[in-house]
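Structural overview for review
As a plain string of letters, each chain reads:
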Amino acid sequence: MASQVVLIFLFLTSFLALVSSRGSFEIGNMVYNHLIYQEIHEKYGVPLMVRHEDVFITGVEKEMIEAVLVQDLKGDGIAFIKDGGIGRKNVTLRLESGAQGEGYKFLINIFAY
Ligand SMILES: *[C@@H]1O[C@H](CO)[C@@H](O)[C@H](O)[C@H]1NC(C)=O
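Cut-off values and rules
Residues numbered from 1 in each chain as written. Predicted model: local features only at pLDDT ≥ 70, side-chain atom pairs only at ≥ 80, totals over all residues. Heavy atoms only, no water. Helix = DSSP H or I, 4+ residues; strand = E, 2+ residues; numbered from the N terminus. Buried < 20%, exposed > 50% of the residue type's maximum accessible area, 1.4 Å probe, protein only. Pairing = 2+ DSSP bridges. Axes fitted to C-alpha atoms, helices over the stretch in contact; angles between N-to-C directions. Phe/Tyr/Trp six-rings, centres within 6.5 Å; stacked < 30°, edge-to-face > 60°. Core = buried A, V, L, I, M, F, W, Y, C linked by side-chain atoms within 4.5 Å. Near = heavy atom within 4 Å. Polar contact = N/O pair within 3.5 Å; in protein donor to acceptor, adjacent residues only side chain to side chain. Areas by Shrake-Rupley, 256 points an atom, 1.4 Å probe, with all protein chains shown as cover. Nonpolar A, V, L, I, M, F, W, Y, C, P; charged D, E, K, R; others polar.

Outside of glycine, negative phi angles account for most residues, and trans bonds account for most peptide bonds. Despite not being glycine, Tyr32 shows a phi value in the positive range, around 70 degrees. Here Tyr32 is to be found in the loop between strand S1 (25-28) and strand S2 (34-43). The exposed category is assigned to Tyr32, whose relative accessible area is 75%. Despite not being glycine, Glu61 has its phi angle at roughly 50 degrees, a positive value. In this structure, Glu61 sits in the loop between strand S3 (52-58) and strand S4 (65-72).

Taken in spatial order, the four strands make up an open sheet running S1-S4-S7-S2, and their pairing is antiparallel. On the outer flanks of this sheet lie S1 and S2, each paired with one strand and no other. Across the sheet, the axes of successive neighbouring strands diverge by a mean angle of 10 degrees, strand direction being ignored. As judged from the seven bridges shared by S4 and strand S7 (residues 104-112), these two strands associate in the antiparallel manner.

Within the structure shown, the criterion is met by one aromatic pair. The interplanar angle of 50 degrees and the centroid separation of 5.2 Å between the aromatic rings of Tyr104 and Phe106 together place this pair among those described as tilted. Accessibility expressed as a relative area gives 1% for Tyr104, which makes it buried.

Formed by 14 residues in total, the largest nonpolar core has its most connected members in Ile57, Val68, Val70, Leu93, Leu95, Ile108 and Ile110. Among the secondary structure elements, those contributing two or more residues to this core are S3, S4, strand S6 (90-96) and S7. When residues in this core are grouped by element, the largest group, four residues, is from S7.

Moving on, we come to the site of the ligand. Around the ligand sit Phe56, Arg88, Lys89 and Asn90, and those are all the residues in its vicinity. At 3.3 Å, a side-chain N or O of Arg88 approaches an oxygen atom of the ligand. Interatomic distance of 3.1 Å between a backbone N/O atom of Lys89 and an oxygen atom of the ligand. Within the complex, the protein chains bury 41% of what would otherwise be the 370 Å² of accessible surface of the ligand. Residue composition of the shell around the ligand, by class: one nonpolar, one polar and two charged.

In short, the description is geometric, and any link to function would need to be established separately.
Right under this line is the structure:
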């Protein structure tokens, strides 16, 4: 009985962690690297429409992407790396709103070496 309660608790907490982190993530290492891109991407809501956008960011010359930080400023979006990323010369980020037509607002920071 007690172990079932623990299992349910673990399931619920991991589920909440998953849901609350869908729109924000940090990957890579910022130390020794410099900011090459810092922009807010925002789309207003359209009722019942998922708004989305692919953002392509590339370093200049030999710059290599070392860290990607995405902050979901509205808190109900989804963001992930669609292509490229750490150790590559470029990265494509996918930004999506929730399904209820609420739009989105993300802050993107990209660091390169
Ligand atoms: C993106 O970077 C990779 C290497 O990391 C390169 O091969 C590719 O051509 C780049 N794409 C564009 C569109 O610059």
